[in-house]
Amino acid sequence: MIDRSGLYRLTWRLPLLLWQGAFFVVPLCFMAAMTFWLVQNYRMEPAFVWTNWQRMLGRAVFWDAYWVTLWRAALAGLIASVVAFPASYVLAFRMGEAGRRFVLLCLIVPFFTSFLVRAYAWQVILAESGPVNAVLGGVGLGPFTMLNSSFGTMVGYLTLVLPLVVIFQTWSLAAIDRALIEAAWNLGATPVKTLLRVILPAARTGLLLGAVFAFIMSFGDFVSPAYLGGSKPPTLSILIIDTTKSGQQWPRAAVVSVMMIVTLFATAAAALRLAYGRRG
Amino acid sequence: MTDPTPTPLVQFRGVRKLYGSAIAVKSLDLDIGRGEFVALMGPSGCGKTTTLRMLAGLETPTAGSITIGGKLMNDVPAHQRDTPLVWQSLALFPFLSVVENVEFGLRMRGVAAGERRSRAMMWLERMGLQGFEARRIDQLSGGQRQRVALARSLVTEPEMLLLDEPLSALDAHLVIRMQGVLTKLQRELGITFVYVTHSHSEAFAMADRVVIMGHGEIEQIGAPREIFRTPRSRFVAEFVGRNNIIAGVVAGGILSSEHGAFPIAAPDGSAEIVVAADTVTVLRAPPEAGPAVKVAFLSEEFAGTGIICYFEAADGSEFKAQVTEEQLADLQPEPGAAFWLSWDPARVHVMGG
C-alpha cells in the first residue's frame, strides 16, 4: 500500500519515469527482443531463436572488432586525459574566472559544426598532399600516410572528445579548495608531490568521469574509424553498418549493439564506483 | 613568558606587501621570540593574515626582509620551510584517513613508513584521538578535526606553529575548550605560536603578547593587560572594546569636552582619554564629587565577566559601563531612564601621551 507521502513522491517522479521508460527502456527491450528474430527473404520475422547470437559471437570477426574497439576507445580515453590535463591545469589554476569562462565557451564552439564536417576537414589536413605533409616535407620528412590508419582514427576520436574532457577536468580542478593545495605546500610537498598527492586525488571524480566520457564516445563512434581510419580493422560500429547492409541482418546488428551497451554499462558502473567510491 | 629581545626567532624588517596597487601590509617591523605565544589581531583587511602567510612562505614580501632563526627567508619556498599552518578551514585532506593526514608532512620529508606511522600515532594519542586513525575526515566532529589539524602540523616537531583563526568555525563552548588545549600545548612544547584572530577574547586569553594591526600597520604591541588598560590610539581603544573614549582640550589639568569638564593629569592641548567600562560607576543621582556624565539607559548585555550596560549621552555618543548582577538588580534600568556615570580620575588612561 502506498501512503500519502509515497504517492506524492511518485507523482513528482512520474514524468521522469515515463520519459525514461518511453525513450530508453522500451527501445532497449525492443532491440534486445530483436536479437532473437529471424530474417527470411530479406524480411524480419518475430521469432525466438538463438541463431543470431551463435552466428555473431561464434565468429572471429566479431571478437576482433570487439577488442579493437575496446582497446582504441580506452587508449583514446587515456590519451585525451593526458593531453587535456595541462590545458585544464592552466585553465583552473593560472587563469582568472573571466578568462576561464571565455575559454570554456570557446571549447563548446566545435560542437556547433557536425562532427562529420570536422572529420572531412582532417581528411584535407592529413592527406598525403596536405598541409601537414607539406610542412614536414619542408624539413625533409615524410610524406607520411596518416589517413586510413589507426592514427587517423585516433585523431578523429580526440577531435570528438578533447573539448569535453578539458571541460570536465577544468571543472573538477577549479573546484579544489585552494587551502588544500597550500596546506600540502606548507607541509613540505614539492610542486610535483602536491600534484600527485593532493591535486590528482582531490580531482579524482572529474578526471575519471572525463576519461570515461571519452571512452564511451569513442567506443560508439562511427565517423572516425570509417572516414579517417579507412574502416580497417573494422570497429563494432562499422560491423553494425556492414551487418545491416548485408542481407538486412538487423537482428545480428542488434546482437552487436546489445554487446556494446552491456560493455558500456559495465564500464560506466566500474568507473562511477571508482570515481565516487570511498577508499578503505 | 620568554623575553623576546635577546635572540628573536622571527624578525620582520620593513616588510611591505602590495597586491597590484592595493596595500596589504604597509611597513612591518616585528620581532617574535622563541617559545612566545603571539597573537596578531585586528579587523578584517588589516594585514594580519597576509603577515602570517608571508611567514609561511605562501606570500612573498614586496619589500623588506623576513628572517627565521637568523636566516633570510624571503626567497625560501614554502615547502622548504618548517612553518606549519593551521588553516581556518583546517584544510584537512578529505581523500586521506586521519592517520594519513597526520603523517603527510613526514611522508613529504621522506621519513620511512614505519617511523612516520608510529610518530603519527603518538600525536593522535597525545590529541586524544586514539582509535580514530582509520576514520575519514568527514566522520569526525568539529573539535576532533581541529585536533587532527593540530597533530598534522605538529608531527614534524617544528620550532613554530602558525594558526589562522583556527577556532572561528567552532561552537562557543568548544572554543573555550580548545583555548585550553592550545595554551597547554604551547607551554608543554615550548615552541612559538603565532596566532591570527579578530577575537579579543581569544587573543587576550592565550597570548603572551598581542600585536594590534590596522590598515596594514602595527598599531600597538604589548601584553594583553597593557593593551587593554593603556591603548595607544583611538583605533586600539575602539577595537579592544568596552572602552569609553572622551575627546577634548586640556587646560590646567582640566579636560573640557562635550560631556563636561573632568580633572585629568595631562599636559595642555587636545587629548583623548579612555575610561574602561569596568571602572565606571552607574549612579541614580549626580555624585557629590568627581567626574559625572548624564546619560540615558539604552540596553544591557550579558558578557562572561559581568553585564555591560549601554547608555547614550546628550550628544548621542555611546557610553558603556560594566556592572555586576546585583548592581543591575538595584538599578532596575528602564530604557531612556536617566543615570549619571562617574569614575575614579586616577584610573583614566590618557592616549597618545
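Residues numbered from 1 in each chain as written. Chains lettered and ligands numbered in written order. Predicted model: local features only at pLDDT ≥ 70, side-chain atom pairs only at ≥ 80, totals over all residues. Heavy atoms only, no water.

1. Points about the overall build of chain B
Point 1. Across its full length, chain B carries 10 helices and 20 strands.
Point 2. Once the C-alpha set of chain B is aligned to its principal axes, its extents read approximately 75 × 45 × 35 Å.
Point 3. Split into buried and exposed, the 353 residues of chain B put 53% on the buried side.
Point 4. When contacts within chain B are restricted to residue pairs at least 6 apart in sequence, those whose partners lie at least 24 apart make up 63%.
Point 5. Split by element, the accessible area of chain B, about 15500 Å² in all, is 51% carbon and sulfur.
Point 6. Averaging the positions of the 33 positive and the 40 negative side-chain charges in chain B gives two centres separated by 9 Å. (Helix = DSSP H or I, 4+ residues; strand = E, 2+ residues; numbered from the N terminus. Buried < 20%, exposed > 50% of the residue type's maximum accessible area, 1.4 Å probe, protein only. Contact = heavy atoms within 4.5 Å. Areas by Shrake-Rupley, 256 points an atom, 1.4 Å probe, with all protein chains shown as cover. Lys, Arg positive; Asp, Glu negative; His and termini not counted. Charge placed at Lys NZ, Arg CZ, Asp CG, Glu CD.)

2. What about the overall build of chain A?
Point 1. Regarding its fold elements, chain A presents 13 helices and two strands.
Point 2. Oriented by its inertia axes, the alpha-carbon framework of chain A measures out at about 75 × 70 × 35 Å.
Point 3. Expressed as a percentage of its 280 residues, the buried residues of chain A come to 40%.
Point 4. Sequence-distant contacts, at least 24 apart, represent 71% of the contacts inside chain A between residues at least 6 apart.
Point 5. Element-wise, carbon and sulfur atoms account for 71% of the exposed surface of chain A, whose accessible area totals about 15900 Å².

3. Structural notes on the confidence of the model for chain B
Point 1. Looking at chain B, the pLDDT average stands at 91 and 97% of residues meet or exceed 70.
Point 2. We note a pTM of 0.83 for the whole complex and an ipTM of 0.85 for its interfaces. (pLDDT = per-residue confidence, 0-100.)

4. Things to note about the packing of aromatic side chains
Point 1. With the rule as written, the count across this model stands at 26 aromatic pairs over all chains.
Point 2. Here phenylalanine 36 of chain A and tryptophan 50 of chain A contribute two aromatic rings whose centre-to-centre distance is 5.1 Å and whose plane-to-plane angle is 80°, an arrangement assigned as edge-to-face. Taken together, the residues phenylalanine 36 of chain A in the loop between helix H1 (4-34) and strand S1 (38-40) and tryptophan 50 of chain A in the loop between strand S2 (43-45) and helix H2 (51-57) connect sequence positions 14 residues apart.
Point 3. In this structure phenylalanine 36 of chain A comes out as buried when scored by relative accessible area, which is 15%.
Point 4. Within the aromatic cluster, the residues linked to one another by ring pairs are Phe36, Phe48, Trp50 and Trp53 of chain A.
Point 5. Over the ring of phenylalanine 111 of chain A we find arginine 118 of chain A, and its NZ or CZ is 5.7 Å from the ring centre.
Point 6. Arginine 152 of chain B extends its terminal NZ or CZ atom over the ring of phenylalanine 93 of chain B, reaching a point 4.8 Å from the ring centre. (Phe/Tyr/Trp six-rings, centres within 6.5 Å; stacked < 30°, edge-to-face > 60°. Lys NZ or Arg CZ within 6 Å of the ring centre and 35° of its normal.)

5. Here we look at the nonpolar core
Point 1. Core analysis: the largest hydrophobic core is formed by 51 residues, its most contacted members being Phe12, Leu55, Phe93 and Phe104 of chain B.
Point 2. With five residues, helix H8 (residues 178-186) of chain A is the largest single contributor of residues to this core. (Core = buried A, V, L, I, M, F, W, Y, C linked by side-chain atoms within 4.5 Å.)

6. So, the sheet that holds strand S5 (residues 71-72) of chain B
Point 1. Spatially, the four strands line up as an open sheet ordered S2-S1-S4-S5 (chain B), and their pairing is antiparallel. If you trace the sheet from one side to the other, it starts and ends with strand S2 (22-32) and S5 of chain B, each paired once. (Pairing = 2+ DSSP bridges.)

7. Examining the side chain of threonine 183 of chain B
Residues and elements named next belong to chain B.
Point 1. Mapped onto the secondary structure, threonine 183 falls in helix H6 (residues 172-189).
Point 2. Among the residues examined, threonine 183 registers a relative accessible area of 15% and is labelled buried.
Point 3. Of note is the side chain of threonine 183, whose polar atom sits 2.8 Å from the backbone oxygen of glutamine 179. (Polar contact = N/O pair within 3.5 Å; in protein donor to acceptor, adjacent residues only side chain to side chain.)

8. Notes on the sheet that holds strand S11 (residues 243-251) of chain B
All names here are of chain B.
Point 1. With antiparallel pairing, five strands are arranged side by side in an open sheet as S13-S12-S11-S14-S20. One side of each edge strand has no neighbouring strand; the edge strands of this open sheet are strand S13 (260-263) and strand S20 (349-350).
Point 2. With four bridges connecting them, S11 and strand S12 (residues 254-257) associate as antiparallel partners. Looking at the pairing, valine 249 lines up with serine 256 of S12.

9. Details of the pattern of salt bridges
Point 1. Scanning the model with the defined rule gives 20 salt bridges over all chains in all.
Point 2. Between glutamate 165 of chain B and lysine 48 of chain B there is a salt bridge, with the nearest N and O atoms lying 3.8 Å from each other. Of this pair, glutamate 165 of chain B sits in the loop between strand S7 (160-164) and H6 while lysine 48 of chain B is found in helix H1 (residues 48-56), placing the two residues 117 residues apart along the sequence. As far as burial versus exposure is concerned, glutamate 165 of chain B and lysine 48 of chain B are alike and both buried.
Point 3. Salt bridges sharing common partners tie together Glu182 of chain A together with Lys17, Arg53 and Glu59 of chain B. (Salt bridge = Lys/Arg side-chain N within 4 Å of Asp/Glu carboxyl O.)

10. Things to note about the interface of chain A and chain B
Point 1. Listed per partner, the contact involves 20 residues of chain A and 25 residues of chain B.
Point 2. If you sort the residues of chain A by the area they bury against chain B, Trp185, Asn186 and Leu187 of chain A come out on top, with a joint share of 34%.
Point 3. On the surface where chain A and chain B come into contact, there are six residue pairs in polar contact (both at pLDDT 80 or more).
Point 4. Breaking the side of chain A that touches chain B down by element, the ones donating at least two residues are H8 and helix H9 (191-202) of chain A.
Point 5. By residue number, the principal contributor to the side of chain A that touches chain B is H8 of chain A, which donates seven residues. (Buried area = accessible area lost by both parts, 1.4 Å probe.)

11. Details of the environment of tryptophan 250 of chain A
Residue and element names in this part refer to chain A.
Point 1. Tracing the backbone through its elements, the reader meets tryptophan 250 in helix H13 (residues 250-276).
Point 2. The spatial distance from the C-alpha of tryptophan 250 to the C-alpha of glycine 99 is 49 Å, given a sequence separation of 151 residues.
Point 3. The residues touching tryptophan 250, leaving out its near neighbours within four places in the chain, are Met34, Met44 and Thr244.

12. Here's the deal with unusual backbone geometry
Point 1. Cis geometry marks the peptide bond from lysine 232 of chain A to proline 233 of chain A; its omega dihedral reads -10°.
Point 2. Within the fold, proline 233 of chain A resides in the loop between helix H11 (223-228) and helix H12 (236-245).
Point 3. Even without being glycine, alanine 91 of chain B reaches a positive phi, approximately 50°.
Point 4. Looking at the secondary structure, you find alanine 91 of chain B in the loop between strand S6 (85-86) and helix H2 (98-102).
Point 5. In this structure, glutamate 165 of chain B takes a positive phi of about 45° despite not being glycine.
Point 6. Using a relative accessible area of 9% as the deciding quantity, one classes glutamate 165 of chain B as buried.

13. Focus on the pairing of strand S16 (residues 293-303) of chain B
All names here are of chain B.
Point 1. Here S16 pairs with strand S19 (residues 338-343) via four bridges, running antiparallel. Looking at S19, one finds that valine 295 is bridged to phenylalanine 339.
Point 2. Sheet topology places S16 next to strand S17 (residues 306-313); eight bridges connect them, and they run antiparallel. If you follow alanine 303 over to S17, its bridge partner there is glycine 306.

14. Description of the packing of helix H10 (residues 204-220) of chain A against H13 of chain A
Residue and element names in this part refer to chain A.
Point 1. Where H10 meets H13, the closest approach of the two axes is 9 Å, and the angle between their N-to-C directions is 170°. By the criterion of interaxial angle, the relationship of H10 to H13 is roughly antiparallel. Here H10 contributes Arg204, Thr205, Leu208, Leu209, Val212, Phe215, Ile216, Phe219 and Gly220 to the contact with H13, which in turn contributes Met260, Thr263, Leu264, Thr267, Ala271, Leu272, Leu274, Ala275 and Tyr276.
Point 2. Looking at side-chain class alone, the contact of H10 with H13 contains 13 nonpolar, four polar and one charged residues. (Axes fitted to C-alpha atoms, helices over the stretch in contact; angles between N-to-C directions. Parallel < 35°, antiparallel > 145°, perpendicular 65-115°, else oblique. Nonpolar A, V, L, I, M, F, W, Y, C, P; charged D, E, K, R; others polar.)

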